[in-house]
Amino acid sequence: MSEREPELEPEPELYPDLEVHPAKQWAVGVPGILHSMEPALTSMGPARTARLALAINQKNGFDCMSCAWPDPGHRNVLEFCENGMKATTWEATPITVPTSFWAEHSLTSLLEEDEYWLGRQGRLTEPVYKPAASDHYEPISWDAAFRLIADRLNALDSPDRAAFYTSGRTSNEAAFVYQLFVRAFGTNNLPDCSNMCHESTGTALTATIGIGKSTVAYDDFAKADLVIVMGQNPGTNHPRMLTALEETKRNGGRVVSVNVLPEAGLIRYKNPQRVRGIVGKGTAIADRFLQIRSGGDMALLQAVSKRVLDAEDAAPGTVLDHAFLAEHTVGLEALRTHLADLDEAAVLAATGLASHEIDDLAAEYLAADRVIITWAMGLTQHRKAVPTIKEIVNLLLLRGNIGKPGAGASPIRGHSNVQGDRTMGIWERMPERFLAALEAEFGFAVPRAHGADALRTVQGLRDGEIDVFFALGGNFVGAISDTAVAEAAMRGAKLTVQVSTKLNRSHVVTGEEALILPTLGRTEVDLQQGHPQFVSVEDSVCAVHASHGAIPPVAPGLLSEVAIVCRLARATLGERGGADLPGADLPWQDFEDDYDVIRDRISRVVPGFESFNQDVRRKDGFVLPNGPRDERRFDTASGKAVLTVNELEHLDRPPGRLILQTLRAHDQFNTTIYSLNDRYRGIRKGRDVVFVNPDDLAELGLADGQRVDVHSEWRGEPDRVLRNQRIVAYPTARGCAAAYYPEANVLVPLESAAEESNTPVSKAVIVRLVPHAAS
Ligand SMILES: Nc1nc2c(c(=O)[nH]1)N[C@H]1C(S)=C(S)[C@@H](COP(=O)(O)OP(=O)(O)OC[C@H]3O[C@@H](n4cnc5c(=O)[nH]c(N)nc54)[C@H](O)[C@@H]3O)O[C@H]1N2
Ligand SMILES: Nc1nc2c(c(=O)[nH]1)N[C@H]1C(S)=C(S)[C@@H](COP(=O)(O)OP(=O)(O)OC[C@H]3O[C@@H](n4cnc5c(=O)[nH]c(N)nc54)[C@H](O)[C@@H]3O)O[C@H]1N2
Ligand code: SF4
Ligand SMILES: [Mo]
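Residues numbered from 1 in each chain as written. Chains lettered and ligands numbered in written order. Predicted model: local features only at pLDDT ≥ 70, side-chain atom pairs only at ≥ 80, totals over all residues. Heavy atoms only, no water.

### Digging into the pairing of strand S28 (residues 720-729)
Right, on to step 1. With eight of 10 residues buried, S28 is to be regarded as a mostly interior element.
Right, on to step 2. Note: strand S27 (residues 707-712) against S28, five bridges, orientation antiparallel. Residue pairing in the sheet places Arg 707 in a bridge with Arg 726 of S28. (Buried < 20%, exposed > 50% of the residue type's maximum accessible area, 1.4 Å probe, protein only. Helix = DSSP H or I, 4+ residues; strand = E, 2+ residues; numbered from the N terminus. Pairing = 2+ DSSP bridges.)

Below, the structure is given as structure tokens:
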């Protein structure tokens, strides 16, 4: 940008073979499924591939471990998508990390490798330990590993000096025993991936409708007149959602996409399960596309609600659902007064849309009797995410679009069991109701002080307040914002422990001592005392079902997550809670031996699970009760749904700067990189790209193909820099750039968090692009 940019040394290109092709206009179809089978067939062979393909999302099979999109009531034979198959192959690969690996690779050398390389080393098969002052992990027995962790935990001055992270692949059963152990140990420090994901959703929905979950059932998509998809890229991240949207359309409904980018799947979809999808042109999914500016959604939603209220004023008694509003909501008058003064000029500036585009969306909304609004990270990872989601609720409530068929608020979750983990108590601030029930059932004093969430855990590690970091899955330092700060913080820990299936960055950025505990994946048969066990998960529409392993474990001696937690609990607390917890009833061995015992205890603590062991054995599992969805019951202070007043604030882009979002490529699952391609966006063999609108390039004096350093600016702190990226001219909204997560996490400042939910602001980083000094 300016002549006075500091000179940085040139840096080599990370992916010299990078290719940029035109972006695709449609998603899935035959190339998708073929593409998905290719790596499986080469690494696993046809027999193993077939066994897995026939078990994904089937009764007596395993739940796809990729995203949290629900299964339809009626299941087809091949009930999965391209990305489900990629996730399955990635986990079920027969390639393993050999024992010699640990002597051959120092941590220093592993720090040079990227996530793609680390993941390709294969499945972890034996526990390994890195002693203090050593640069190598070395094999350790399970017993010695548990004793070591227990010693370190029990030596802490306070249980709050440990933090216990969870990623959303963990099953209900493992999550329940894990939080039980952590609370019996004495802390609520239970940060999870949800803190970085749908925390804003939970915060907004709990405040307005009394439950932090979706109010729609799977079948509602087929019944909707209108589905508005906001800040979400289903073609890549929830591929089978396109099948549900196709259903909406076949029944005469309409679909609107509100997004910063024109995402391929929403334009046209070829369903591989229909002949028409294989040979035909496929279905055009989005009838309308509003290309919004980053962070403009709150303004858009307010503007649509205002148009709805204006329509009511023009024809009183005919537009709003008066009966519903009177019986079930509070706050209408305040909202009406507030929106009467809405500044249309501010709305247009915030959204980058024309007035008539907003009029058209309002007209769609008014023409529909049943409306669903879905959303994902494009809404939750902004500073104003919570009020934005509250505005979704406002708009839906005005016409009674909650608690009737074909209508509702539908956050689409990320990890396959992230929602279930929360239901099971993985949260640093579970409500009193849950904690009291836990206390009554297990007979020990459950701590009540709120624990640390994900960002506070990094701050705690950085500030010397947390010494032990334990992770049940995930890749915390890869996933959390501000990579350099997070990694330095993690190195300050005394002990870090990762329970994982495969290597990732969090294994190589360690505390003084470190352990890796390898675990079974969901594809694998889990035998305890000679009996196969199953686990359960909850999807985005609150349906709970069983998941049974389909293939033998990749190596002998792997423990399930449940077994790891139970053995650690026994080593740390002693059987039944030990001397420190007199009267406690914590039968860890029984839990480990038979997961039905865990489910029995869950059924006495968690509402909706009363006959868990019976219900979960039914073909399609069971759907949890949901007050707003089932009976328009709102568990808020007033007992009614709350229309809220939110001050409009729009993100100002300083001159010469862009607002950068960090997002997922098609061939990745969060920090797991399956390949270096992003097929729909035309990117091949590389990830070091930054997408910029051609008009912005012209204005900034930059060009497609040019190499730049991306500088992130935050409150006068020294710039955070992502080096040597290739500019890709791309039809993103004006002023809005995009780059891939997790690499771009170096740019997201740790202190940049959503109000109330404390979620990292991963979708709005103020950046400037500086030409990269050529070498
Ligand atoms: N294959 C695959 N599947 C996945 C994942 C994966 O990594 N790979 N991750 C899983 C997880 S954990 C999650 S949380 C989900 C994530 O699913 P998504 O939320 O779809 O994931 P992102 O790639 O972050 O995409 C964000 C979308 O929001 C848009 N967007 C960004 N900013 C704004 C904005 O201000 N307003 C609007 N209206 N749109 C905006 C972006 O252009 C993009 O389309 O996917 C899950 N499924
Ligand atoms: N900049 C930026 N940052 C983001 C986001 C963003 O959009 N932009 N998105 C955020 C979101 S939505 C999320 S959910 C987080 C994700 O954060 P995490 O959930 O922490 O990260 P993942 O990459 O999903 O974790 C992958 C690792 O999990 C382990 N694993 C896989 N399967 C299993 C299993 O069955 N058991 C166990 N124990 N381990 C397993 C493997 O070792 C693998 O390397 O990242 C967040 N970070
Ligand atoms: S939509 Fe999600 S859960 Fe379903 S098969 Fe695809 S990746 Fe798996
Ligand atoms: Mo997520």
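### Re the site of ligand 2
Right, on to step 1. The local shell around ligand 2 holds 31 residues, among which Tyr 165, Ala 479, Glu 561, Thr 671 and Tyr 741 are the closest.
Right, on to step 2. In the environment of ligand 2, an oxygen atom lies 3.2 Å from a nitrogen or oxygen atom belonging to the side chain of Gln 381.
Right, on to step 3. Taken by itself ligand 2 offers 930 Å² of open surface, and the protein chains cover 97% of this.
Right, on to step 4. Taken together, the residues that form the shell around ligand 2 break down as 10 nonpolar, 16 polar and five charged.
Right, on to step 5. Residues from two domains meet in the shell around ligand 2; each of domain 1 (19-23 + 657-771) and domain 3 (106-195 + 418-609) gives at least three. (Near = heavy atom within 4 Å. Polar contact = N/O pair within 3.5 Å; in protein donor to acceptor, adjacent residues only side chain to side chain. Areas by Shrake-Rupley, 256 points an atom, 1.4 Å probe, with all protein chains shown as cover. Nonpolar A, V, L, I, M, F, W, Y, C, P; charged D, E, K, R; others polar. Domains from an automatic or database assignment.)

### Brief notes about the sheet that holds strand S10 (residues 288-291)
By definition, the strands of a sheet pair up through backbone hydrogen bonds, in either a parallel or an antiparallel sense.
Right, on to step 1. Read from one edge to the other, the open sheet built from five strands follows the order S10-S7-S6-S12-S13, with strand pairing classed as parallel. Every other strand in the sheet has two partners, leaving S10 and strand S13 (408-411) as the edge strands with one partner each. On average, adjacent strands in this sheet sit at an angle of 15 degrees to one another, irrespective of strand direction.
Right, on to step 2. Inspection of the sheet shows strand S12 (residues 371-375) paired to S13 by four bridges, in the parallel sense. From the neighbouring strand, Trp 375 faces S13, where its bridge partner is Pro 411. (Axes fitted to C-alpha atoms, helices over the stretch in contact; angles between N-to-C directions.)

### Here's the deal with the confidence of the model for the protein chain
Right, on to step 1. With 95% of its residues at a pLDDT of at least 70, the protein chain reaches an overall mean of 94.
Right, on to step 2. Mean pLDDT in the protein chain bottoms out at helix H14 (residues 275-279), which sits at 48, and peaks at strand S14 (residues 468-472), which reaches 99. (pLDDT = per-residue confidence, 0-100.)

### Here we look at the pairing of S27
Right, on to step 1. Within S27, six of the six residues are buried, which leaves it mostly tucked inside the rest of the structure.
Right, on to step 2. Neither face of S27 is left uncovered, since the one carrying Arg 707, Asp 709 and His 711 and the one carrying Val 708, Val 710 and Ser 712 both have all their residues buried.
Right, on to step 3. Two elements, S27 and strand S30 (residues 765-771), share five bridges in a ladder whose sense is antiparallel. Within S30, the residue paired with Asp 709 across the bridge is Val 770.

### Some remarks on the domain arrangement of the protein chain
Right, on to step 1. One can read the domain layout of the protein chain as domain 1 (19-23 + 657-771), domain 2 (27-92), domain 3 (106-195 + 418-609) and domain 4 (199-411).
Right, on to step 2. A straight line from the C-alpha centre of domain 1 to that of domain 4 covers 26 Å.
Right, on to step 3. Each partner contributes to the interface: domain 1 provides 25 residues, whereas domain 4 provides 27 residues.
Right, on to step 4. Both faces combined, the contact of domain 1 with domain 4 buries some 2100 Å², and carbon together with sulfur accounts for 54% of it.
Right, on to step 5. Linking domain 1 with domain 4 are four salt bridges.
Right, on to step 6. Our count for the contact surface shared by domain 1 and domain 4 stands at 10 residue pairs in polar contact (both at pLDDT 80 or more).
Right, on to step 7. The residue makeup of the side of domain 1 that touches domain 4, split by class, is 13 nonpolar, six polar and six charged. (Contact = heavy atoms within 4.5 Å. Buried area = accessible area lost by both parts, 1.4 Å probe. Salt bridge = Lys/Arg side-chain N within 4 Å of Asp/Glu carboxyl O.)

### Things to note about the nonpolar core
Nonpolar side chains in soluble globular proteins generally cluster together in the buried interior.
Right, on to step 1. Ranked by size, the top nonpolar core spans 69 residues in total, and within it Phe 164, Phe 176, Phe 181 and Trp 588 carry the most contacts.
Right, on to step 2. Element by element, the count of residues in this core is highest for helix H8 (residues 172-185), at 10 residues.
Right, on to step 3. Aside from chain neighbours lying at most four places away, what touches Phe 181 is Leu 153, Phe 164, Val 565, Leu 568, Ala 569, Thr 572, Leu 573 and Trp 588.
Right, on to step 4. Ranked by size, the runner-up nonpolar core spans 54 residues in total, among them Met 230, Val 260, Ile 389 and Ala 409. (Core = buried A, V, L, I, M, F, W, Y, C linked by side-chain atoms within 4.5 Å.)

### Some thoughts on the site of ligand 1
Right, on to step 1. Residues in contact with ligand 1 amount to 31 residues; listed here are only the nearest, Asn 259, Glu 263, Asp 297, Gln 668 and Asn 670.
Right, on to step 2. Here Asn 83 contributes a side-chain N or O atom positioned 3.2 Å from a nitrogen atom of ligand 1.
Right, on to step 3. Val 258 places a main-chain nitrogen or oxygen 3.1 Å from a nitrogen atom of ligand 1.
Right, on to step 4. Relative to its unbound accessible area of 910 Å², ligand 1 is 99% covered by the protein chains.
Right, on to step 5. Of all the secondary structure elements, the ones that give two or more residues to the shell around ligand 1 are helix H11 (234-237), strand S7 (254-259), helix H20 (377-380), strand S22 (658-663) and strand S23 (668-669).
Right, on to step 6. Within the shell around ligand 1, the residues separate by chemical class into 10 nonpolar, 17 polar and four charged.

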